[in-house]
Amino acid sequence: MKAKMKNKIITLARNEKFYTRLLISYLVIAMVFIINEFTNKYDIPRVILAIFAYLGIGIYLIASILNAIGKQKDEILNNNKWSYIILSESGPVSSLLLVFFYFLSRFIAMWFNEENLIVVIIVGVIYFTIFLFTLIKGVAAVNYYFSEKLNK
């Protein structure tokens, strides 16, 4: 059963049509958000926007993981350490960090209101600095750690 599932996932990762359809659906979802953000013509309920948001985030993560699997397909066929192989690539790690920081920013935006603009600016600068440092140094550190564990 594991071999069939492994081969099916690798087949999906190799299939360019599937990957293209995945990216097109992600772009369509992104366009819905852009249209809704810049034009208030369409009154889309928040529940539908939340469903589109989670669907877009899921598609984004799946596309980055499938891309990593497609690059390392020979290693996956020979080795069962899926998580090490996926986390040794920079695409899925940066995608996971972007999603984490997106939800963290939404939480911070809920927590602080715009009454005290100086506090919001200070927290925003600190948050952005931590985000950039984590994205630049953290992705490389995670990739190095898991590639070393994979080589052992």
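Computed from a prediction, not measured in an experiment: that's the story for all the values here.

Just give me the short version of the side chain of serine 88, but keep the residues and values in it.
Position of serine 88 among the secondary structure elements: in the loop between helix H5 (82-87) and helix H6 (90-111). Side-chain polar atoms of serine 88 contact the backbone oxygen of isoleucine 85, separated by 2.8 Å. Not counting residues up to four positions away in its chain, the partners in contact with serine 88 are Asn143, Phe146, Ser147 and Leu150.

Summarise the packing of H6 against helix H7 (residues 117-151); cite the residues concerned and give the values.
Where H6 contacts H7, the two axes come as close as 10 Å, and the packing angle between them is 160 degrees. Relative to H7, H6 is oriented roughly antiparallel. Crossing angle aside, the handedness with which H6 passes H7 is right-handed. Of the residues in H7, those in contact with Ser90, Val93, Ser94, Leu97, Leu98, Phe101, Tyr102, Leu104, Ser105 and Ile108 of H6 are Val123, Tyr127, Ile130, Phe131, Thr134, Leu135, Val139, Val142 and Asn143. A breakdown of the residues in the contact of H6 with H7 according to their chemical character gives 14 nonpolar, five polar and no charged.

Let's hear about H6: which residues, and what values?
Between its terminal C-alpha atoms H6 stretches 31 Å, which fits the 32 Å expected from 22 residues at 1.5 Å a residue. Looking at H6, one finds that the buried residues are Pro92, Val93, Ser94, Ser95, Leu97, Val99 and Phe101.

I'd like a rundown of H7, residues and numbers included.
Here H7 is 35 residues long and its end C-alpha atoms lie 50 Å apart, about the 51 Å a rise of 1.5 Å per residue gives. Along its length, H7 shows its largest kink, about 30 degrees, at glycine 138. Taken as a whole, H7 has its buried residues at Tyr127, Phe131, Gly138, Val139, Asn143, Phe146 and Leu150.

Rules of the game
Residues numbered from 1 in each chain as written. Predicted model: local features only at pLDDT ≥ 70, side-chain atom pairs only at ≥ 80, totals over all residues. Heavy atoms only, no water. Helix = DSSP H or I, 4+ residues; strand = E, 2+ residues; numbered from the N terminus. Polar contact = N/O pair within 3.5 Å; in protein donor to acceptor, adjacent residues only side chain to side chain. Contact = heavy atoms within 4.5 Å. Axes fitted to C-alpha atoms, helices over the stretch in contact; angles between N-to-C directions. Parallel < 35°, antiparallel > 145°, perpendicular 65-115°, else oblique. Left-handed = near helix turned anticlockwise from the far one by under 90°. Nonpolar A, V, L, I, M, F, W, Y, C, P; charged D, E, K, R; others polar. Expected span 1.5 Å × (residues − 1). Buried < 20%, exposed > 50% of the residue type's maximum accessible area, 1.4 Å probe, protein only. Bend = angle between axes of the 7 residues up to and from the residue.

Honestly, it's all geometry; don't read function into it.
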